[in-house]
Amino acid sequence: CRRAFLRLVPMLVKMLRNLLSSGSSPEYDIAGIADPFLQVQLLTLLRLLGAKNEKASEEMNDVLAQVATNTDTSKNAGNAILYECVQTVMGIESEDGLRVLAVNILGRFLLNRDNNIRYVALNTLSRCIVEQKQLTQEGESSTAVAANASANSALSALQKHRNTVVDCLKDPDVTIRQRALELIYHLVNHENVRTLTAELLNYLVLCPREHRSDICTRILRVVDRFSPDDRWRVDQLITMMTIAGREASRDVQSATIVYISRAPADVHAYATHKLLKAVRDDDGGQRGLLAVGIWCIGEFGDMLLKQYSHAPTPGGENGNGTPVSFMEMDPSSIVDVVETVIKRHSCTEVIKQRALTCFAKLTDRFADKGDAAALSRLDGLIKKHQGSHSLELQLRSCEYDALLHAAKGMKLVIAKPSKPDDDIFGVAEPAGGEAVSAAVQAAAKEALARMPVVDVKMLQRRQAADAFAEGKKMPG
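What comes next is a walk through the structure.

Thresholds, definitions, all that
Residues numbered from 1 in each chain as written. Predicted model: local features only at pLDDT ≥ 70, side-chain atom pairs only at ≥ 80, totals over all residues. Heavy atoms only, no water. Helix = DSSP H or I, 4+ residues; strand = E, 2+ residues; numbered from the N terminus. Buried < 20%, exposed > 50% of the residue type's maximum accessible area, 1.4 Å probe, protein only. Contact = heavy atoms within 4.5 Å. Axes fitted to C-alpha atoms, helices over the stretch in contact; angles between N-to-C directions. Parallel < 35°, antiparallel > 145°, perpendicular 65-115°, else oblique. Left-handed = near helix turned anticlockwise from the far one by under 90°. Nonpolar A, V, L, I, M, F, W, Y, C, P; charged D, E, K, R; others polar. Core = buried A, V, L, I, M, F, W, Y, C linked by side-chain atoms within 4.5 Å. Salt bridge = Lys/Arg side-chain N within 4 Å of Asp/Glu carboxyl O. Phe/Tyr/Trp six-rings, centres within 6.5 Å; stacked < 30°, edge-to-face > 60°. Lys NZ or Arg CZ within 6 Å of the ring centre and 35° of its normal.

Moving on: the environment of Ile 30. By secondary structure assignment, the location of Ile 30 is in the loop between helix H2 (9–21) and helix H3 (36–50). The partly exposed category is assigned to Ile 30, whose relative accessible area is 35%. If sequence neighbours within four positions are ignored, Ile 30 has contacts with Pro 36, Phe 37 and Ala 77.

Right, here's the structure in full:
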């Protein structure tokens, strides 16, 4: 059946060309357009016949170009024909120049005052760019790559309308904004990632709260794939957390922490200073920001004790940035910032757990800084939750207290000794010794280095393995 219709392609092309060149016919014309319903039906049929058929597509290229250039765009009937023409061009094996012409038609649609036409244009452009990317990936080993990468390709033409698409983010119609957001996400590449990420962050400020979680995920994917350097990536993620930390999912928060932890030491210092300032200025509402910030303060808190400055290298990747500097802080001021967070009534239990872990880490980081007052405060903040109604906080408080004492080689005195099998930090050793064994101290230090997760079962297994090894070395 399809083969029979393919033989009719020349006749269909001739009919369409006659409609374009025929004069006005009051019976079928609408707003001066010759029989737009028949033109639309012909274009639809040509699209079905030209799909995956190079010979049929080649026969209809000329008439499609004629439709695209000669149709009046001031009437809705003409816009309907142009839209169907664009659909046909994108659906057949058309020439690259014809695809560029189709993209430019959609770009003109974006300037139309009618929101319906703009929505259709944005939707079609999104589908167009996805299909072009798929074609490029499928044809990596063929000559199609050169054509797709050329200056006259549809993707290059689409980039020329980037500013028009960005302006759609400011449209009062939420559906227009959502379609524009989807298209911008597909437009991002290594050359424009800085500009478009800034636009996404600007839109994050204005968009409805129910959309922020999805946008945060999209921004994370963009900076993950196209980020020019680690510093820029971390900077954008911190800015995102400052704007929408409340709506950012746990996965986004965890990914932000991973990116910071894998960055160089210089970026560690920059991120920690910037996050501490953001946490200090926050009113407690951006919970994702607090979670990430408190983790960084605990992990790299010793870097806050030093002044930090960074000047972009002229002509380098960060040459268009501005110099950044942060003053050094004393341990007590750092503890004040985290303590202020957990004192708020709006502070969640998850944040308190992060803060408790942060206090344990800071105790280790500030141990050799000579600030006895700060260490005493940290010790009190860790013990504060030993009587908490939250079992998790109570457990963490007791474990961290025992862990820190064991890391110092000191025995923790408790009112009631634990069972011998559960005595992983030597808290129930027989009286007469004020220090724990070297094996227990080493295990405690290793556990402290592995925080925030302290695997008690792993420590028990390691302690049993050490005891077994020592038993094998004993004679007889």
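Past the structure itself, the notes keep going.
Glancing now at the packing of helix H11 (residues 174–187) against helix H13 (residues 209–226). Close contact between H11 and H13 brings their axes to 11 Å; oriented N to C, the two are set at 15°. The orientation of H11 relative to H13 falls into the category roughly parallel. When you trace H11 past H13, the crossing you get is left-handed. Residues Val 174, Gln 178, Leu 181, Glu 182 and Tyr 185 of H11 form the contact with H13, whose participating residues are His 211, Ile 215, Arg 218, Arg 221 and Val 222. For the contact of H11 with H13, the class distribution of residues is five nonpolar, two polar and three charged.

We now examine the nonpolar core. Core analysis: the biggest nonpolar cluster contains 91 residues, and Met 60, Leu 64, Leu 204 and Met 240 have the highest contact counts within it. If sequence neighbours within four positions are ignored, Leu 64 has contacts with Leu 43, Cys 85, Thr 88, Val 89, Ile 92 and Leu 98. Counting 35 residues, the second-largest nonpolar core is a separate cluster that includes Leu 276, Ala 291, Met 329 and Ala 360.

Taken as a whole and judged by the stated rule, the model has 20 salt bridges. Asp 229 is the partner of Arg 194 in a salt bridge, and the nearest nitrogen-oxygen pair spans 3.7 Å. Separated by 35 residues along the polypeptide, Arg 194 in helix H12 (residues 193–206) and Asp 229 in the loop between H13 and helix H14 (230–244) bring together distant segments of the chain. Two residues, Arg 377 and Asp 336, come together in a salt bridge whose shortest N-O distance is 2.6 Å. One end of the pair, Arg 377, is in helix H20 (residues 372–383); the other, Asp 336, is in helix H18 (residues 331–343), with 41 residues separating them in the sequence. Overlapping salt bridges, with partners in common, bring together Glu 299, Lys 361, Asp 364 and Arg 365 in one network.

Our next topic: the packing of aromatic side chains. In this description, an aromatic ring pair is defined by two values, namely the gap between the centres and the angle between the planes. Taken as a whole and judged by the stated rule, the model has four aromatic pairs. Feature note: the residues Tyr 270, Tyr 308 and Phe 326 constitute an aromatic cluster, connected by ring pairs. Across from the ring centre of Tyr 185, 4.9 Å away, lies the NZ or CZ of Arg 218, which sits over that ring. Here Arg 231 stacks its cationic end above the ring of Tyr 270, 5.1 Å away from the centre of that ring.

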